[in-house]
Amino acid sequence: VQLVESGGGLVQPGGSVRLSCAASGFTFSTYAMSWYRQAPGKERELVAGINSAGGSPNYADSVKGRFTISRDNAKNTVYLQMNSLKPEDTAVYYCKAYRFAPRIDYWGQGTQVTVSS
């Protein structure tokens, strides 16, 4: 099982970046997907989630209206479009695949996003 995030980097405040998470080794289309982030000295927090069919996107209040989660089950990939970025969005971003019956979680290794001028 692998989840490989990409697309992170240094971006200026107000800028945009799209993260990708490519999955392999499991039946991607049967798992819900989420993006989390962890800033230095802080706990990992949920940013956005989407169900296995690509519906019911949900977002943390801090990113609503700026971030969009989507998925392409044909490509086994989930995306996070991040717009109007702020310095407080700086963090390592992780994707997670999960299902509830049975309970299974898979995590990626993370990609760094730094928002700075």
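Given the structure is predicted, the values throughout are model-derived calculations rather than measurements. Within every chain, residues take consecutive numbers counted from 1 along the sequence as written. Predicted model: local features are reported for residues with pLDDT of at least 70 only, side-chain atom pairs are reported and counted for 80 or more only, and whole-chain, interface and lining totals are derived from all residues. Excluding hydrogens and water, the side-chain values take into account all heavy atoms of the structure.

**What about the nonpolar core?**
Counting residues in hydrophobic clusters, the biggest one holds 29 residues, and the most contacted among them are Trp35, Val78, Leu80, Met82 and Tyr93. Think of it this way: any DSSP run of H or I at least four residues long counts as a helix, any run of E at least two long counts as a strand, and we number them from the N terminus. For this core, the secondary structure elements donating two or more residues are strand 3 (17-24), strand 4 (32-38), strand 5 (45-50), strand 7 (67-72), strand 8 (77-82), strand 9 (91-100) and strand 11 (111-115). Residue contacts follow a heavy-atom distance rule, with two residues in contact if any of their heavy atoms lie within 4.5 Å. Look past the residues within four positions of Tyr93 in its chain and what remains in contact with it is Glu5, Leu19, Trp35, Tyr36, Arg37, Val47, Phe67, Leu80, Met82, Gly110, Thr111 and Val113. To define a nonpolar core, start from buried Ala, Val, Leu, Ile, Met, Phe, Trp, Tyr and Cys residues and group those joined through side-chain atoms within 4.5 Å. Only protein chains enter the accessibility calculation, which uses a 1.4 Å probe; a residue whose area is less than 20% of its type maximum is buried, one above 50% is exposed, and one in between is partly exposed.

**Notes on the side chain of Arg71**
For Arg71, the location among the structural elements is in strand 7. Within the structure, Arg71 has its side chain in polar contact with the backbone oxygen of Asn51 (distance 2.9 Å). In protein, a polar contact requires one atom able to donate a hydrogen and another able to accept it; more generally it is a pair of N or O atoms within 3.5 Å, and residues adjacent in sequence count only if both atoms are side-chain atoms. Within the local environment of Arg71, its side chain forms a polar contact with the side chain of Asn73, the two groups lying 2.7 Å apart. Residues contacting Arg71, with those up to four places away along its chain left out, are Phe28, Ser29, Tyr31, Ala32, Met33, Ile50, Asn51, Ser52, Gly54, Thr77, Val78 and Tyr79.

**A word on the sheet that holds strand 3**
For two strands to count as paired, DSSP must find a minimum of two bridges between them. Taken together, the 4 strands give an open sheet; going across it, the order is 1-3-8-7, and neighbouring strands pair in antiparallel fashion. Across the chains shown, the open sheet's two edge strands, defined by having one partner strand only, are strand 1 (2-6) and strand 7. Pairwise comparison of adjacent strand axes, ignoring direction, gives a mean angle of 15° for this sheet. Judged from the 6 bridges that link them, strand 3 and strand 8 form a sheet pairing that is antiparallel. Along strand 8, the bridge assignment pairs Arg18 with Gln81. The angle between two axes is taken between their N-to-C directions and runs from 0 to 180 degrees, where each axis is a line fitted to C-alpha atoms and a helix contributes only its stretch in contact.

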